[in-house]
Amino acid sequence: MRRILICASFAESLVKFRGALIQAALDSGVKVHVVAPGLKSDSEITAELEKKGVVVHDLIMKRTGLNPIVDAVTFVFLFLILLRVRPTIFLAYTIKPVIYGSLAAWLVGVHRRFVLITGLGYAFIGESSGKRGVLRKLLQGLYRFSLARTHKVFFQNPDDEALFRELRLLSDQVPSCIVNGSGVDISEYQVVPLPEQARFLLIGRLLGDKGVREYAQAAFAVKAKYPSACFQMVGWIDDNPDAINQKELDDWVESGTLEFLGKLDDVRPSIANCRVFVLPSYREGTPRTVLEAMAMGRAIITTDAPGCRETVVDGGNGYLVPVQDSEALAHAMLRCIEYPDNVAAMGVVSRQIAENKYDVHKVNQIMLKEMGIL
């Protein structure tokens, strides 16, 4: 029997982002194994995956940072799991699973090795000097070495693919394929009427690179003209080096600039409660939260940045603004308040794009064919 082992750094992502892919593989007669940190025997995610017939493996891994001792332990654990499972296909996504997982799979002799680049992360965004610059050079070297041992690399936008080729992180001998993000299950996200109030929403980890500071600055400027406008934010303070601090968040909330809803297991009610979805990110693979908002018929304001620009036809289903430009972001928000009929029309276009381009089943079909499962 064919066996696939999928390696991730977030246990939750195996259900939220790869659940449909896992089910499609199971339906194709493939035995599915997954490995990620946090897959304890008593966790709800483990129970949900095992109920589907997935074999679950917990992993010791620190998602952020490059501690050589901790990472060596991660590598050894991955190697031993792969040696025990002996999958015929290996798929990894996010930085450490891609680097350490693909190397371990190569050493074990897995016949078909694939990785998915879902974004470039902290080390590739912003200044290239100092600590971030050192980390960037180290990661580039690790990527170059590990990707040379894969059979194909999936990217979620053409900019990331071009950058990896330009930097020689991906050799000419290794083929690549672009897919439309992680996709979204259209049937799970229904279009609901827009609220009357001018309400904006951002969902994501509270990182500087996600544009949360620009969102707060733009919200402050817009509320000066339209005090009744509401700016909500869903997410959490991550342990990423670029995370905002608690005081910043508290100041925004206490000043009345933002309403913080915390981390939500189900974001659909918050999307239904907004008129416009905003993500001023500096760079993405393809932002899943934007796809969810599009599927629910919401206009989008995002940046003209890799991964983000692919989701918006400027003036069609939303607006594109320059990266790190809170003034342009505020201007786009004002247009949404002052021309409400346009917002409704943009929401209709968003849903159409989600159906035609980002349906998770269409995205997964491409990946399964490329991996030789279909």
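Cut-offs applied
- Residues numbered from 1 in each chain as written.
- Predicted model: local features only at pLDDT ≥ 70, side-chain atom pairs only at ≥ 80, totals over all residues.
- Heavy atoms only, no water.
- Helix = DSSP H or I, 4+ residues; strand = E, 2+ residues; numbered from the N terminus.
- Contact = heavy atoms within 4.5 Å.
- Polar contact = N/O pair within 3.5 Å; in protein donor to acceptor, adjacent residues only side chain to side chain.
- Salt bridge = Lys/Arg side-chain N within 4 Å of Asp/Glu carboxyl O.
- Buried < 20%, exposed > 50% of the residue type's maximum accessible area, 1.4 Å probe, protein only.
- Pairing = 2+ DSSP bridges.
- Right-handed = clockwise from strand over helix to strand, strands pointing away.
- Phe/Tyr/Trp six-rings, centres within 6.5 Å; stacked < 30°, edge-to-face > 60°.
- Lys NZ or Arg CZ within 6 Å of the ring centre and 35° of its normal.

What is the right way to read the environment of Arg2 from this model?
Mapped onto the elements, Arg2 comes out in the segment before β1 (3–7). Taking the C-alpha atoms as reference points, Arg2 and Ile89, 87 residues apart in sequence, are found 7.7 Å from one another. Those residues in contact with Arg2 that lie beyond four places of it in its chain are Ser28, Val30, Lys31, Thr88, Gly372 and Ile373. One polar contact links the side chain of Arg2 to the main-chain carbonyl oxygen of Gly372, over a distance of 3.4 Å. Of note is the side chain of Arg2, whose polar atom sits 3.2 Å from the backbone oxygen of Ile373.

Mind showing me how you'd approach the pattern of salt bridges here?
Pairing is possible between side chains that carry opposite charge, provided their charged atoms lie close to one another. Across all of its chains, the model carries 15 salt bridges by this definition. Among the ionic pairs, Lys96 bridges to Asp71, the shortest N-O distance being 3.0 Å. Within this pair, whereas Lys96 is found in helix α5 (residues 95–108), its partner Asp71 is found in helix α4 (residues 68–85), the two being separated by 25 residues in sequence. Like Lys96, the residue Asp71 is buried in the burial classification. Between Lys152 and Glu370 there is a salt bridge; the shortest N-O distance is 2.4 Å. Of this pair, Lys152 sits in strand β6 (residues 152–155) while Glu370 is found in helix α14 (residues 360–370), placing the two residues 218 residues apart along the sequence. A relative accessible area of 14% means that Lys152 is categorised as buried. You can call Glu370 partly exposed: its relative accessible area is 27%.

Even after reading the chapter, I still don't get the pairing of strand β2 (residues 31–36), so can you show me in this structure?
Within a regular beta strand, the side chains point alternately toward one face of the sheet and then the other, so they alternate between its two faces. Where burial is concerned, most of β2 is hidden: five out of the six residues are buried. Sheet topology places β2 next to strand β3 (residues 55–58); four bridges connect them, and they run parallel. Across the sheet, residue His33 finds its bridge partner in β3, namely Val55. Following the backbone out of β2, through helix α3 (residues 44–52) and into the adjacent parallel β3, one traces a crossover that is right-handed.

Sorry, what's going on with the packing of aromatic side chains here?
In the structure shown here, the tally under the stated rule is five aromatic pairs. For the pair Phe114 and Phe154, a centre-to-centre distance of 6.2 Å together with 35° between the ring planes defines the contact as tilted. Placement of the pair is Phe114 in strand β5 (residues 112–117) and Phe154 in strand β6, with a sequence separation of 40 residues. The pair formed by Phe114 and Phe154 is uniform in burial state, with each residue classed as buried. Three or more aromatic residues joined by ring pairs form one cluster here, namely Tyr143, Phe155 and Phe164. The ring centre of Phe145 lies 3.9 Å from the NZ or CZ of Arg149, which sits over that ring. Of note, Lys263 hangs over the ring of Trp236, and the distance from its end group to the ring centre comes to 4.5 Å.

Function cannot be read off these values alone, since they describe shape.
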